[in-house]
Amino acid sequence: MILISRWPPNSISAGCTKYTRFRAAPDSALAAEADGQLVGSNFVTHWGSFGFFGPLSVEPRLWEQRVAQHLLGPTMELFERWGCRHTGLFTFSHSPKHAALYQKFDFWSRFLTPVISKEVIPATAQHRYTRFSELPAAQKEDALAACREMTSETYEGLDVSREILAVDSQRLGDTILLLDGSKVSAFGVCHVGPKTEAGSDTCYVKFGAVRPGTLAPSNFEELLNSCEAFTATRGMGRLTAGINMSRHEAYKIMVGRGFRTDLMGVAMQRANDPGFNRPGIYILDDWR
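In this text, all values refer to a predicted model and were calculated from it rather than measured experimentally.

*Asks:* Sorry if this is basic, but what is going on with the overall build of the protein chain here?
*Replies:* Scanning the protein chain from N- to C-terminus turns up seven helices and 13 strands. Relative to the compact-globule value of 19 Å for 288 residues, the protein chain shows a C-alpha radius of gyration of 19 Å, a close match. Projected onto the principal axes, the alpha-carbon positions of the protein chain cover approximately 60 × 35 × 35 Å. A sequence separation of at least 24 residues applies to 71% of the contacts in the protein chain between residues at least 6 apart.

*Asks:* What's the story with helix α2 (residues 67-82) in this structure? I'm lost.
*Replies:* One turn of an α-helix holds 3.6 residues; hence residues three or four places apart share an orientation. In a regular helix each residue adds 1.5 Å, so 16 residues correspond to 22 Å; α2 covers 24 Å between its end C-alpha atoms and thus fits that length. Buried within α2 we find Val 67, Ala 68, Leu 71, Leu 72, Thr 75, Met 76, Leu 78, Phe 79 and Trp 82. Along the axis of α2, the buried positions cluster into a sector of 155°, meaning they face one direction only. Away from its buried face, by an angle of more than 90 degrees, α2 presents the exposed residues Glu 80 and Arg 81. In the segment just after α2, Gly 83 is the residue with positive phi, at about 75°.

*Asks:* What is the right way to look at the nonpolar core in this model?
*Replies:* General note: in soluble globular proteins, nonpolar side chains tend to be found buried as a group. Within the largest apolar cluster, 28 residues are counted, with the highest numbers of intra-cluster contacts made by Trp 47, Leu 158, Ile 164, Phe 187, Phe 207 and Trp 287. Mapped onto this core, the elements with two or more residues apiece are β4 (50-58), α4 (137-154), α5 (161-170), β9 (183-192) and β10 (202-210). The element that contributes the greatest number of residues to this core is α4, accounting for five residues. Residues within four places of Phe 187 in sequence aside, it is in contact with Cys 147, Met 150, Thr 151, Val 160, Ile 164, Thr 175, Ile 176, Leu 177, Phe 207, Gly 208, Ala 209 and Leu 223.

Calculation rules
Residues numbered from 1 in each chain as written. Predicted model: local features only at pLDDT ≥ 70, side-chain atom pairs only at ≥ 80, totals over all residues. Heavy atoms only, no water. Helix = DSSP H or I, 4+ residues; strand = E, 2+ residues; numbered from the N terminus. Rg over C-alpha atoms; globule rule 2.2 N^0.38 Å. Contact = heavy atoms within 4.5 Å. Expected span 1.5 Å × (residues − 1). Buried < 20%, exposed > 50% of the residue type's maximum accessible area, 1.4 Å probe, protein only. Arc of directions from axis to C-beta. Core = buried A, V, L, I, M, F, W, Y, C linked by side-chain atoms within 4.5 Å.

Now the structure itself:
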């Protein structure tokens, strides 16, 4: 019999990516157990009105025993409890078994989603950005509200405060803020180096976004400039991020700046809803 429960913290090693996600939201980690042994897991992420899950993992000897389906039932219940209007996942585009599994839960393959990176040289130009970690506590609350207001302009209710606070409290990196007066025009949530989701010698943009409008392309360029400068400042040699190819304008800018694909996946979205994966949107994200 497969039993689904919250993942016990003593089963997660302190040095892995799963541990950082568990610390950020322990109530969103699901475990599958059989005969008292951990045989599968799933991590579910809540970004306000949007939710996604992954990585979903199953003990190889039980791949054909419906463990993943047992995990996906409670995953859908979490999305419903949170009131998510849109949900999705990242999977590998060459895996028909994965696609067939997720289609049973009304997730459908849409655009390819590469994880891309480029080498970063030491910055020669100064780029003006504010680091979330350096703000006083009261200003951090204001900054979170400003970021939430900005992402809601792109997709109503989208809120990545959880990621910003996780990076800050766990000291995984920092969040870069580009300010226009009292408003945030762009921001990037960055993991840096080992024992984070970035890995050695890498700055990883877990989520980045710019305010929609006529200035979005230039603000996106400035966000990338600032992320590259921040990468160099922290002594890292590579900048990496995920981007959905449906955001054609943003993807084209990154290719033009020398970013190249490291890993190719596909976004699967419930009810085939595009959500914020559409042209004219300047967002960096990674649903792995």
